[in-house]
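# Per-entry structural report
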Amino acid sequence: MPVIAADAHSFSIDGHRLWLASGVVPYHRVPRQAWDQRLAMARLAGLNCVETPVVWALHEPRPGKFAFDGELDLPAYLRAAAARKLSVIVRVGPYVGEAFDMGGLPPWLLPAAAHKLRSSAPEFLAAASRFLSTLCDKIRDLQATQTRKAAGPIVAVVSEFQWYCGDPKQAQDYLGELSRYLREYGITVPIIGSHNLFASVEGEIDAWSGAHHLQANMRQLRDMRPDRPPMVISLPLSEPASVGRPAPTPLSPDALMRTLGECLAAGAQFNVAPFAAGPNPGFMGGRLADAPDAFAAATPYPAAPLDDAGAPTPHFHALRRVATFATSFPAVFAGFTPGDFPAALALETPAAGPLSAKKARPSATSVSIVERRGGQGSVIFIFAPLPPAEAQRRGTILLRDGSTLPFDLGRQPLGWILMNTHLVDRAVLDYCNLSIVGLTGRTLVCYGPAGAPGVLSINGAALEIIVPETPGYHVQEHEGVTLVVLNEDTVDTAYIDPQGVWIGVSGVSPDHDPLPHPDFKKFARVTHTGKLSVGPAPAALKPRPRVAAVEWAAASTDDLTSGASERFASIEAPDTMQALGSPLGYGWYRMHHKHAPARTVKAGFFDLADRAHVFIDGKAVAVAGQGPGAQGDVVPLSLPAGEHSVVFLVDNMGRTSEGNAMGEPKGLYGPVCVVAPLKVAAPKLEVAPPIEPLSYRSPIFGLDEGDVTDGRRLTWKLQHRRKSGVTFVIDRSPCTGLVLLNNEPIAVLSRGTRHRISLTADQIGKQTATLQLALVGDAESLAPSFRESVEFWESEQALAAKGSWAFARWEPPAASKFRPLASAKAASAFKGKPVWYRCRFRSDPGAGALYFDASGLSKGQLYLNGRNLCRYFVTTRAGKPVPPQTLHVLPDAWLATAELNELLIFDEHGCPPDKTRFVIS
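Each value, and the rule that gives it
- Residues numbered from 1 in each chain as written.
- Predicted model: local features only at pLDDT ≥ 70, side-chain atom pairs only at ≥ 80, totals over all residues.
- Heavy atoms only, no water.
- Helix = DSSP H or I, 4+ residues; strand = E, 2+ residues; numbered from the N terminus.
- Buried < 20%, exposed > 50% of the residue type's maximum accessible area, 1.4 Å probe, protein only.
- Contact = heavy atoms within 4.5 Å.
- Areas by Shrake-Rupley, 256 points an atom, 1.4 Å probe, with all protein chains shown as cover.
- Disulfide = S-S within 2.5 Å.
- Pairing = 2+ DSSP bridges.
- Axes fitted to C-alpha atoms, helices over the stretch in contact; angles between N-to-C directions.
- Parallel < 35°, antiparallel > 145°, perpendicular 65-115°, else oblique.
- Left-handed = near helix turned anticlockwise from the far one by under 90°.
- Nonpolar A, V, L, I, M, F, W, Y, C, P; charged D, E, K, R; others polar.
- Phe/Tyr/Trp six-rings, centres within 6.5 Å; stacked < 30°, edge-to-face > 60°.
- Lys NZ or Arg CZ within 6 Å of the ring centre and 35° of its normal.
- Right-handed = clockwise from strand over helix to strand, strands pointing away.
- Patch = residues over 30% accessible without salt bridge, like charges linked within 9 Å, V, L, I, M, F, W, Y side chains within 5 Å.
- Salt bridge = Lys/Arg side-chain N within 4 Å of Asp/Glu carboxyl O.
- Arc of directions from axis to C-beta.
- 1 Å grid on protein atoms, 1.4 Å probe; cavity = no way out; pocket = protein on both sides within 12 Å on 5 of 7 lines; lining within 4 Å.
- Points joined across faces, edges and corners; volume = space filled by probe spheres on them.
- pLDDT = per-residue confidence, 0-100.
- Core = buried A, V, L, I, M, F, W, Y, C linked by side-chain atoms within 4.5 Å.
- Polar contact = N/O pair within 3.5 Å; in protein donor to acceptor, adjacent residues only side chain to side chain.

## Focus: the overall build of the chain
- Summing up its helical and strand segments, the chain has 12 helices and 58 strands in all.
- Considered along the principal axes of its C-alpha atoms, the chain spans approximately 100 × 70 × 55 Å.
- Counting only residues that meet the buried cut, the chain has 60% of its 921 residues in that class.
- Summarising the internal contacts of the chain: among those between residues at least 6 apart in sequence, 73% fall at separations of at least 24.
- When the accessible surface of the chain is summed, it comes to about 35,100 Å², and 52% of that surface belongs to carbon and sulfur atoms.

This is how it looks when you write it as structure tokens:
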């Protein structure tokens, strides 16, 4: 049986060194028919490994009912990766993050494990054990350690993900137990922990997540774990995108290239997250932890080397230059002397968006040089400051023997000089001042700025070259090696494969055919044996024909909004959508109410998550809850006299995907009450004993063992003599902490979360009650934020105290419910109410990807040929634009070419689709 080991250098299989340059290619965000294309592009980008999360909620939608077929056929995905000669890291979870609903945990865990997720609680571990056992049965024989004619592709698994809690006992009881499960269920490859040293488990490899200060962080990781290979298991290009916010600023391609250089210079392997973008399928998007309305966008990670349709972006080329170099010379990087870190000029962090916790210092104007040496070769990394304006980009390097080498970075943020490295046969590269892209056979590919002097020596024989101008390349044999010299522009048209290098192409198809480049009329091919041939550019693909809708139809929801539908089934009281059989997406609640005089009330929706369209006798009157266009927890309602139906279309926009607020209930799970603001005296800071929050509940992410609250608590005195309850609302907590009632903890404060804490009259008591916030941080500086965001509301009575409740599941209507529309504009008659639209269209294949532009619609859901594609949210009810996304890819794999396609649209406000369009990109 092959053995995978890990030491201070790298991973190895039976002594053969692995150097992993990886990217996340999530099979659940890519149609199955497109898996091979994404994997082929990963290989073309120079990667030799992919990582994929396994989303528990998708594979076990109901307890004990598993799905590993069709789009979820993980073994088939792994075999496809193996066919492309890619290693695989499997993120087995059970929590995987990824801006998924509950981070990929299934909602059926609730409510029993609501405050026990990602912990050693028996009810959570029992469910996780069952899932991991089934998962391991599926992947066990696809490990690289299995005895087979062809070894499997799995070289490591990631257990849990970003468990950032410094509670050593909980870490051992939970993370250690997960590790034990994996070993017992047959996992023999290395287990990676990705917890940024908050927690560590014996036998696991500690890895890092992040994209900033990697040169320093990897040196520190190496220093703290000297017997393990440093690895950046998650290198994000940006923060996840969320509804209502502009798209996050990603690392620029230059910043990505330099960041990858920092990893290599620190002897660290990397995993770009993601390599391939894609939407969260259906209703699977979650809420980010930094704000109460930060619901993940349809495509939560839009900045990626491959876009939603699988086409390369500028980040692809930046990644490819570095990754191809790394995977062409794995022995060099795996052979770096682990403890040999010479002092270097500290690298400035690029100003590349909010990924960095601190603002970047002013950019330097000089380069920084880091040299790494080892038994298989040496590399001098040259880092240019970002942005490049006014920065020094050329100079001379003094080598150890006193000789010098010129360098010229041109427009590049990173350069590297490879030295003392075996190439092929007896050829040893002494040095090369041009950046080497890769080696295939005896063909060595390098590049630099046009017109720059290149200096190279093989076997002691020096060669001087001038980098050719665009559109040029230079091919020359030297000491048995064929040298291909490219400039900064041409290098992005050169693609290396095991058989040679293509030059002057835009890419290579999964079938290994060159693709035409608009700037080159001819392409060149230099084989791995050094043979040069030139041919005419391949014929360009025909552009995809313009797409137009063949017909539009609509189905109203009037029977549901009026409450008259026979689909409503009686329920005793409002309850969570999970309890009512609709754990994801929408649900219809109906309240029958009878009242004598007409009146306008303040209705409190404190038991609502996340938002509800309110209809009184079929008329849309409000949108309660969170998110763009919603009116908040307290909404004025004008109730007519007599008996009437109040219907709520409730939308679960996604459970928290990270942090400490996971497991919250969704739906309308309590009464809608008439409320009034309760006047409470301003809070004061009172001295009290500090509390260690982890002694109350663990895990609490972001806290370490020994972290305590401030010795001053923000304190309110409550005197409420009535029998009604009181709701204590914190709009957005700026920190972590505890809520205490009469000196007893009753809740955990989560940073960025909206807290609504209901207190009954019995809890408050007849005497004065003391409500306190014990804060982790400086209470005095945090107090103003709480004073401004805290409200108290008194619940006077439930609206349906003498009425009745019913529930109907939300689902697409039958085909017979649709009525033809003369045109998309004719749908304006439905505006103001939820409506279903059906658009039928033809799509012939051709160059370019097909997108649906949802402009003009409001918020809703898209289905393509019966498949639930994703959410969309482009405008509020009032027509205010909602960033960041209007375009949604229609995957080629899901399109029919010989028959009509069907796009089904559910629009919450019935906005007409006359401004929507099909876009070819």
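## With respect to the state of the cysteines
- Enumeration according to the criterion identifies 0 disulfides in this entry.
- Its sulfur unpaired, C49 is 14 Å from the next cysteine sulfur, which belongs to C263.

## Regarding the sheet that holds strand 32 (residues 569–571)
- Strand order in the open sheet formed by 6 strands is 32-50-33-39-36-37, with antiparallel pairing between adjacent strands. Single-partner strands in this sheet number two, and they are strand 32 and strand 37 (619–625). Between one strand axis and the next, the sheet turns by 25° as a mean value, whatever way the strands run.
- Bridge count for strand 36 (residues 611–616) against strand 39 (residues 642–652) is 6 bridges, and the pairing is antiparallel. Each residue of the ladder has a partner; that of V614, found in strand 39, is F648.

## A few points about the packing of helix 4 (residues 122–139) against helix 5 (residues 168–184)
- Contact geometry of helix 4 with helix 5 gives a least axis separation of 10 Å together with a crossing angle of 30°. When the axes of helix 4 and helix 5 are compared, the pair comes out roughly parallel. Classified by chirality, the crossing of helix 5 by helix 4 is right-handed. Across the interface between the two elements, F124, L125, S129, L132 and C136 from helix 4 touch D173, Y174, E177, L178, Y181 and L182 from helix 5.
- For the contact of helix 4 with helix 5, the residue count by class is 8 nonpolar, 1 polar and 2 charged.

## Side note on unusual backbone geometry
- Cis geometry marks the peptide bond from A273 to P274, where omega comes out at -10°.
- Mapped onto the elements, P274 comes out in the loop between strand 12 (269–273) and helix 8 (314–328).
- With a phi angle near 55°, N420 is a residue other than glycine that sits in the positive phi range.
- Positionally, N420 belongs in strand 17 (residues 414–424).
- Judged by relative accessible area, N420 falls into the partly exposed class, the value being 47%.
- The backbone of D617 shows a phi angle near 55°, a positive value even though the residue is not glycine.
- With respect to the helices and strands, the residue D617 is situated in the loop between strand 36 and strand 37.

## With respect to the packing of aromatic side chains
- Inspection of every chain in the model, using the stated rule, returns 38 aromatic pairs.
- Here the aromatic rings of W163 and F701 are separated by 5.9 Å at their centres, their planes lie at 85°, and the arrangement is edge-to-face. In this pair, W163 is assigned in the loop between strand 7 (154–159) and helix 5 and F701 in the loop between strand 42 (684–687) and strand 43 (712–718), connecting sequence segments 538 residues apart.
- Residue class for W163 comes out buried when judged on its relative accessible area of 0%.
- Within the aromatic cluster, the residues linked to one another by ring pairs are W19, F325, F329, F333, F336, W416 and Y447.
- Here R118 stacks its cationic end above the ring of Y95, 3.5 Å away from the centre of that ring.
- Its guanidinium or amino end placed over the ring of F341, R372 lies 4.2 Å from that ring's centre, counting from NZ or CZ.

## Observations concerning the pairing of strand 4 (residues 21–24)
- With burial as the criterion, each face of strand 4 is covered, one bearing A21 and G23 and the other bearing S22 and V24.
- As judged from the 3 bridges shared by strand 4 and strand 12, these two strands associate in the parallel manner. Paired with S22 across the bridge in strand 12 is N271.
- Sheet topology places strand 4 next to strand 5 (residues 49–53); 3 bridges connect them, and they run parallel. When the sheet's bridge partners are listed, S22 is paired in strand 5 with C49.
- For the crossover from strand 4 across helix 1 (residues 35–44) to strand 5, the handedness is right-handed.

## Some thoughts on a nonpolar patch on the surface
- Among the surface-exposed residues, Y473, L532 and V534 lie close enough to one another that they form a single nonpolar patch of about 250 Å² accessible area.
- With respect to the helices and strands, the residue Y473 is situated in strand 23 (residues 473–478).

## Notes on the sheet that holds strand 49 (residues 790–798)
- Taken in spatial order, the 6 strands make up an open sheet running 38-34-41-49-44-47, and their pairing is antiparallel. Each of the sheet's edge strands pairs with one partner strand only, and the pair in question is strand 38 (634–639) and strand 47 (755–759). Averaged over all neighbouring strand pairs, the angle between strand axes comes to 40°, with direction disregarded.
- As judged from the 5 bridges shared by strand 41 (residues 673–677) and strand 49, these two strands associate in the antiparallel manner. The residue of strand 49 that forms the bridge with V675 is S795.
- Strand contacts of helix 12 (residues 779–789): strand 44 (726–730) and strand 49, with the helix running at about 30° to strand 49, the strand carrying the most contacts.

## Side note on helix 6 (residues 214–224)
- Those residues of helix 6 that fall on the buried side of the exposure criterion are L214, Q215, N217, M218, L221 and R222. Along helix 6, the residues classed as buried sweep out an arc of 165° about the axis, all on the same side.
- Tucked into the core, helix 6 has its buried residues touching strand 9 (205–206), strand 10 (208–209), strand 11 (231–236), helix 7 (253–265) and strand 13 (368–374).

## Some details on empty space enclosed by the protein
- Going through the model one piece at a time under the given rule, you end up with 4 cavities of 30 Å³ or more.
- Looking at the largest cavity, its volume works out to about 150 Å³.
- What lines the largest cavity is a set of 15 residues, among which V243, A297, A298, Y872 and F873 lie closest to the centre.
- Top contributing element to the lining of the largest cavity by residue count: strand 55 (residues 867–873), with 3 residues.
- Its boundaries defined by the atoms lining it, the second largest cavity holds a volume of some 50 Å³.
- If you go around the second largest cavity, the residues you meet are R320, R321, V437, V445, L486, V491, A494 and I496.
- Counting residues per element, the ones that place at least two in the lining of the second largest cavity are helix 8 and strand 25 (494–497).

## Here we look at the confidence of the model for the chain
- This prediction gives the chain a mean pLDDT of 93; 97% of its residues lie at or above 70.
- Within the model, the stretch residues 351–363 combines pLDDT values under 50 with 24 contacts to residues more than four positions away or in other chains.

## Digging into the pattern of salt bridges
- Following the criterion strictly, the structure yields 42 salt bridges and no others.
- Across the pair R29 and E98 runs a salt bridge, and its minimum N-O distance is 2.7 Å. Here the residue R29 occupies a position in the loop between strand 4 and helix 1, and E98 occupies one in the loop between strand 6 (87–93) and helix 4, the gap between them amounting to 69 residues. Just as R29 is buried, E98 falls in that class too.
- Several salt bridges converge on common partners, so that one network encompasses R29, E51, R91 and E98.

## Re the pairing of strand 24 (residues 481–487)
- Among the 7 residues in strand 24, 7 count as buried, and that is most of the element.
- Neither face of strand 24 is exposed, since V481, L483, V485 and N487 on one face and T482, V484 and L486 on the opposite face are all buried.
- Relative to strand 24, strand 20 (residues 443–448) runs parallel, the two being bridged by 6 bridges. Across the sheet, the residue bridging to V445 is V484, located in strand 24.
- Judged from the 6 bridges that link them, strand 23 and strand 24 form a sheet pairing that is antiparallel. Along strand 24, the bridge assignment pairs E477 with T482.
- If you look at the hairpin formed by strand 23 and strand 24, you'll find 2 residues sitting between the two strands, and E479 has a positive phi there, around 55°.

## What about the nonpolar core?
- In terms of nonpolar packing, the biggest core is built from 177 residues, with L235, F270, F275, L319, W416 and L423 touching the most fellow members.
- When residues in this core are grouped by element, the largest group, 9 residues, is from helix 4.

## Side note on the side chain of E908
- Here E908 lies in the loop between strand 57 (901–907) and strand 58 (917–920).
- Residue classification places E908 among the buried positions, given a relative accessible area of 0%.
- A distance of 2.6 Å separates polar atoms of two side chains, one belonging to E908 and the other to Y586.
- Among the polar contacts made by the side chain of E908, one reaches the side chain of H613 at a distance of 2.5 Å.
- Beyond its immediate sequence surroundings of up to four residues, E908 is in contact with Y586, H613, D651, K833, P834, S858, K859 and G860.

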